[in-house]
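Residue strings, one per chain:
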Amino acid sequence: MLNLTGKNALVTGIANNRSIAWGIAQQLHQAGANLGITYLPDDRGKMEKKVAELVEPLNPSLFVPCNVQNDEQIQSTFAAIQEKWGRLDILIHCLAFANKDDLTGGFSQTSRAGFKTALEISTYSLVQLSGAAKPLMTEGGSIITLTYLGGVRAVPNYNVMGVAKAGLEASVRYLAAELGPQNIRVNAISAGPIRTLASSAVGGILDMIHHVEEVAPLRRTVTQQEVGNTAAFLSSDLASGITGQVLYVDAGYEIMGM
Ligand code: NAD
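Sequence order sets the numbering: in each chain, residues are counted from 1 along the sequence as written. The model is predicted, so local features are restricted to residues of pLDDT at least 70 and side-chain atom pairs to those at 80 or more, both for listing and for counting; the totals for chains, interfaces and linings are taken over all residues. As a rule here, side-chain values come from all non-hydrogen atoms in the structure, and water together with hydrogens is ignored.

A.B. asks: Before we move on, can you summarise the site of the ligand with the specific residues and values?
C.D. replies: Inspection of the region around the ligand gives 26 residues, with Ser19, Ile20, Lys165, Ile194 and Thr196 positioned closest. One of the backbone N or O atoms of Ile194 is found 2.7 Å from an oxygen atom in the ligand. Computed on the free molecule, the ligand has an accessible area of 820 Å², of which 93% lies beneath the protein chains in the complex. Cavities and pockets were defined on a 1 Å grid built from protein atoms only: a cavity is a group of points that admits a 1.4 Å probe but offers it no way out, a pocket is an open group of points flanked by protein on both sides within 12 Å along at least five of seven lines, and a lining residue is one with an atom within 4 Å of any such point. A cavity or pocket is said to hold a molecule if more than half of that molecule's atoms lie within 2 Å of its grid points. One can see that the ligand is located within the largest pocket. Only Asp, Glu, Lys and Arg are considered charged in this grouping, and only Ala, Val, Leu, Ile, Met, Phe, Trp, Tyr, Cys and Pro are considered nonpolar; every other residue, Gly among them, is considered polar. Class assignment for the residues of the shell around the ligand results in 18 nonpolar, 7 polar and 1 charged. Definition of nearness: a residue and a molecule or strand are near each other if at least one heavy atom of the residue lies within 4 Å of the molecule or strand. Whenever a nitrogen or oxygen atom comes within 3.5 Å of another N or O atom, the pair is scored as a polar contact, on the condition that within protein one atom can donate a hydrogen and the other can accept it, and that pairs from neighbouring residues in sequence are kept only if both atoms are in side chains. A 1.4 Å probe and the Shrake-Rupley method give the accessible areas. Residues count as covered only by the protein chains that appear here.

See below:
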């Protein structure tokens with residue numbers, strides 16, 4: 001039985017009710033986890049209000065701003081966990097960003113600044129958040145990030161984000177190797193295409209979804225809830241032997257040759 005009662009889980013990456021992180025937060029809550037939620041703050045406080053309203057039914061005991069480009073906000077997020085919970089068990093890294101211009105057209109035209117931004121927010125942030133989580137995971141832990149097939153195959157328009165995801169998957173392996181002796185497991189879920197705010201920035205996302213519906217063994221795409229179920233499993237003791245892996249939750253699309 002999947003039971004996360006007594007576990008403290010920090011969930012990043014909720015922007016709205018389509019976010020994959022929202023699907024994950026709901027499943028962790030249902031399994032009994034105590035939740036902390038971060039949001040990406042903006043000048044007018046709009047995101048804070050929107051995410052706060054959305055997550056209210058999950059009764060998060062921590063709700064803090066965390067822009068992963070801001071070292072102070074990362075520091076204060078983990079200081080709040082230390083102060084309020086004393087221990088962290090689960091870290092959900094579910095965020096990414098690339099400039100829209102870099103998610104269409106020719107990959108060779110990616111700008112230096114665009115490359116840096118994509119890799120900093122989408123890849124380095126996993127390394128930094130894991131480093132901050134490490135001293136708080138005193139009873140072991142589970143770190144989960146979200147990746148996509150574009151990290152291992154050339155998917156039209158995914159471009160610089162594919163490079164970011166390749167780096168992310170390599171980071172999962174290096175983090176798993178380092179943190180394993182502390183019984184901290186690190187895994188990635190490679191989700192099939194789902195319509196969200198972030199994925200709408202990728203050119204031709206609807207075509208990608210329709211292609212998956214035609215070709216994937218299950219003849220459909222996946223839902224946020226299905227990704228959430230896998231994240232809950234990976235967070236739990238049922239997955240105690242799994243680390244350093246990329247698990248595909250994509251209706252089987254990844255196995256197909258044509
Ligand atoms: P989303 O737009 O709902 O979530 C992306 C999140 O990233 C947002 O909450 C946003 O606030 C956050 N973010 C962006 N810049 C940030 C920063 N500087 N600091 C902190 N947070 C920041 O979209 P999503 O599709 O749910 O994306 C979540 C993750 O899932 C991403 O890593 C994405 O690459 C991955 N993923 C998505 C799909 C898909 O098809 N939607 C498929 C596979 C993997």
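A.B. asks: Talk me through the pattern of salt bridges; I want residue IDs and the actual numbers.
C.D. replies: We count a salt bridge whenever a side-chain nitrogen from Lys or Arg sits within 4 Å of a carboxyl oxygen from Asp or Glu. Tallying each qualifying case throughout the model produces 6 salt bridges. Here Glu226 and Arg220 are joined by a salt bridge, their closest N and O atoms 2.8 Å apart. Overlapping salt bridges bring together Arg87, Asp89 and Glu139 as one network.

A.B. asks: Which residues make up the side chain of Gln73, and what are the values?
C.D. replies: Secondary structure elements follow DSSP: runs of H or I no shorter than four residues count as helices, runs of E no shorter than two count as strands, and numbering proceeds from the N terminus. With respect to the secondary-structure elements, Gln73 resides in helix H3 (residues 71-84). Contacts are assigned to residue pairs that have any heavy atoms within 4.5 Å of one another. Each residue touching Gln73, except ones within four places of it in the same chain, is listed here: Pro41, Pro65, Cys66 and Asn67.

A.B. asks: Would you mind going over the nonpolar core in detail, with residue names and values included?
C.D. replies: To define a nonpolar core, start from buried Ala, Val, Leu, Ile, Met, Phe, Trp, Tyr and Cys residues and group those joined through side-chain atoms within 4.5 Å. The rule is simple: take the accessible area with a 1.4 Å probe, protein chains only, and divide by the maximum for that residue type; under 20% is buried, over 50% is exposed, in between is partly exposed. Val11, Ile14, Ile24, Leu28, Leu35 and Val227 are the most contacted members of the largest nonpolar core, which has 55 residues in total. Of all the elements, helix H1 (residues 20-30) adds the most residues to this core, at 6 residues. Other than its neighbours up to four places away in sequence, Leu28 contacts Leu4, Ala9, Val11, Ala33, Leu35, Ile90, Ile92, Ala231, Ala232 and Ser235. Listed in part, the 26 residues of the second largest apolar core include Val68, Trp85, Leu126 and Ala133.

A.B. asks: Could you give an account of the layout of surface pockets, naming the residues involved and the relevant values?
C.D. replies: A water-sized probe rolled over the atoms picks out the places where empty space is left. By volume, the largest pocket amounts to about 1,000 Å³. Sorting the residues of the lining of the largest pocket by element identifies H1, strand E2 (34-39), strand E5 (141-147), helix H5 (159-179), helix H6 (197-200) and helix H7 (205-215) as the ones contributing at least two each. Take the lining of the largest pocket: its biggest share by element is 3 residues, from H6. Its residues placed into classes, the lining of the largest pocket shows 29 nonpolar, 9 polar and 1 charged. Grid points are joined across faces, edges and corners, and a volume is the space filled by probe spheres set on the points. Considered as a void within the structure, the second largest pocket measures approximately 220 Å³ in volume. Looking at the second largest pocket, it is lined by 14 residues, and the ones nearest its centre are Val155, Pro156, Met208, His211 and Tyr253. Broken down by class, the residue content of the lining of the second largest pocket amounts to 8 nonpolar, 4 polar and 2 charged.

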